Amino acid sequence: MNSNYVSFQPLERLEGIIIVPGDKSISHRALFISSLASGISRINNILIAEDVLSTIVCLRMLGVDIELTGNSVVVKSGGIDSFKEPVGVLNAGNSGTTTRIILGILSTRNFFSVITGDDSLSSRPMRRITAPLMIMGASIDGRDNGNYLPVSVRGGGLKGINYNMPVASAQVKTGLILASTGAKGVMSIKEPISTRDHTERMLKASGVNLKTEDNTIELSCSQKPLPLNTVIPGDFSSAAFFIGAALIAKESDVLIKGVGINHGRTGLLDIVKSMGAKIELLNERYETGESVADIHIKTAKLKGIVIDDKSLIVRSIDEIPVLAVIAACADGETVIRHAEELRVKESDRIKAVVEGLTALGIKAKELDDGMVIQGGAIKGGTVDSHNDHRIAMAFAISSVASTKEVFINDFNAVGISFPEFMDIFNTLRHL
Ligand code: S3P
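Reading the values: rules and limits
Residues numbered from 1 in each chain as written. Predicted model: local features only at pLDDT ≥ 70, side-chain atom pairs only at ≥ 80, totals over all residues. Heavy atoms only, no water. Axes fitted to C-alpha atoms, helices over the stretch in contact; angles between N-to-C directions. Helix = DSSP H or I, 4+ residues; strand = E, 2+ residues; numbered from the N terminus. Parallel < 35°, antiparallel > 145°, perpendicular 65-115°, else oblique. Left-handed = near helix turned anticlockwise from the far one by under 90°. Contact = heavy atoms within 4.5 Å. Nonpolar A, V, L, I, M, F, W, Y, C, P; charged D, E, K, R; others polar. Pairing = 2+ DSSP bridges. Near = heavy atom within 4 Å. Polar contact = N/O pair within 3.5 Å; in protein donor to acceptor, adjacent residues only side chain to side chain. Areas by Shrake-Rupley, 256 points an atom, 1.4 Å probe, with all protein chains shown as cover.

Draft legend 1. Highlighting the packing of helix H12 (residues 320-328) against helix H13 (residues 349-359). Interhelical geometry of H12 versus H13 gives an angle of 30° and a closest axis separation of 10 Å. Considering the angle they form, H12 stands roughly parallel to H13. By crossing handedness, the relation of H12 to H13 is classed as right-handed. On H13, the residues that touch Pro321, Ala324, Val325 and Ala328 of H12 are Arg349, Val353 and Leu357. The residue makeup of the contact of H12 with H13, split by class, is six nonpolar, no polar and one charged.

Spelled out as structure tokens, the structure:
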């Protein structure tokens, strides 16, 4: 076996109190919005992981001064009008969020830029963001008429538009909202289903006037955010792996402190509650515009369900891999529908999940837009992460309910969103 395999032993008990790192979605937004503000912004508890570092490197290439000390950041910017034409090609690595948001910002600038990414990112669709930016007036090109990276942009002269988004995507929504800050007129964006609203919350906190009604966000263009002073809450999507682990372990009692519980992110909680989980949200509070709580989870006897509500899928889209592992440990069948977006994530997550479950002895099959999972016994085996951080972590936690070792191939993909995953998992595991 090569050094890229990591093995996870079955265990007796999962117990402890943990804190997960800062939220990835909110970390990206804090960096972008601070860079658009003229002045000095301070961001605490930012996520230090590969995706967020991709955003930092790209913004520095555009002339923004970003100083990192531990997980605190100071951003010094002259605002969007001070951005410089980058000398080299911007590289977003594996990060879809970096790409779709920065394309919105680059489209406002009257200079030439090119953005590229790794093999996974280069196979993910970009038309969903490049098409509306072209309607706003940006000149964009790329493979398949601007659908795949590398993409080049020559922006400037943008006008606000009325846009009906064909795909529910918070990344695209954010790219368009931020593009409006460098455009003229009025911008109106209608989402087919409402998605995480971190951007709207953060912009309001930085003085931007924006209103949301009937899934439509409306704002006057050319508004400039004020510098931020913010603390990033713990990442619900990272906490989700330990929520899953605590639900399926034989004996568990886990408290995860300081987790962001934005409504657009917590579909997993609603789903597992309807499967029979009893999860407590303690000490609910409001911190710099976002709801935060401590999450208390214990072992639960779960039953399979049919998830046929598209909005629940949108609210749990990054948690479907761990949900699939939870469903594998429930009694009966779980059906997941309307999740076709999983096919264009960091890997084809429908395929990767079904393949992983099958490798562990669970009966599962692919649907075009989801999967069917028969609850059963996890027997151990080797799972390929497909170099996808969330696949690696979802299957790592399957070991807590397994009779034999679980091996994960290319486990180091976790560095994309959660480099400390292993250390935190180890503090909970009692063999
Ligand atoms: C994200 C939005 C979602 C999510 C991704 C992060 C964001 O993607 O899957 O991990 O930070 O806005 P889509 O916008 O493609 O739905």
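Draft legend 2. Region of the structure containing the environment of glutamate 200. One can find glutamate 200 in helix H8 (residues 198-205). C-alpha separation for the pair glutamate 200 and glycine 289, spaced 89 residues apart in sequence, amounts to 9.9 Å.

Draft legend 3. Up close: the sheet that holds strand E11 (residues 186-190). Spatial strand order, E10-E11-E13-E12: four strands in an open sheet with mixed pairing. Lying at the two open borders of the sheet, with one neighbouring strand each, are strand E10 (162-164) and strand E12 (210-213). Sheet twist, expressed as the mean angle between neighbouring strand axes with direction ignored, is 15°.

Draft legend 4. Here's a closer look at the site of the ligand. Close to the ligand lie Ser25, Arg29, Thr97, Arg100, Ala168, Ser169, Ala170, Gln171, Arg196, Ile317, Asp318 and Lys345, which account for all nearby residues. Take arginine 29: an N or O atom from its side chain is 2.6 Å from an oxygen atom of the ligand. Burial of the ligand by the protein chains amounts to 94% of its free accessible area of 390 Å². Elements that contribute at least two residues to the shell around the ligand include exactly helix H1 (24-36), helix H3 (96-106) and helix H7 (170-180).

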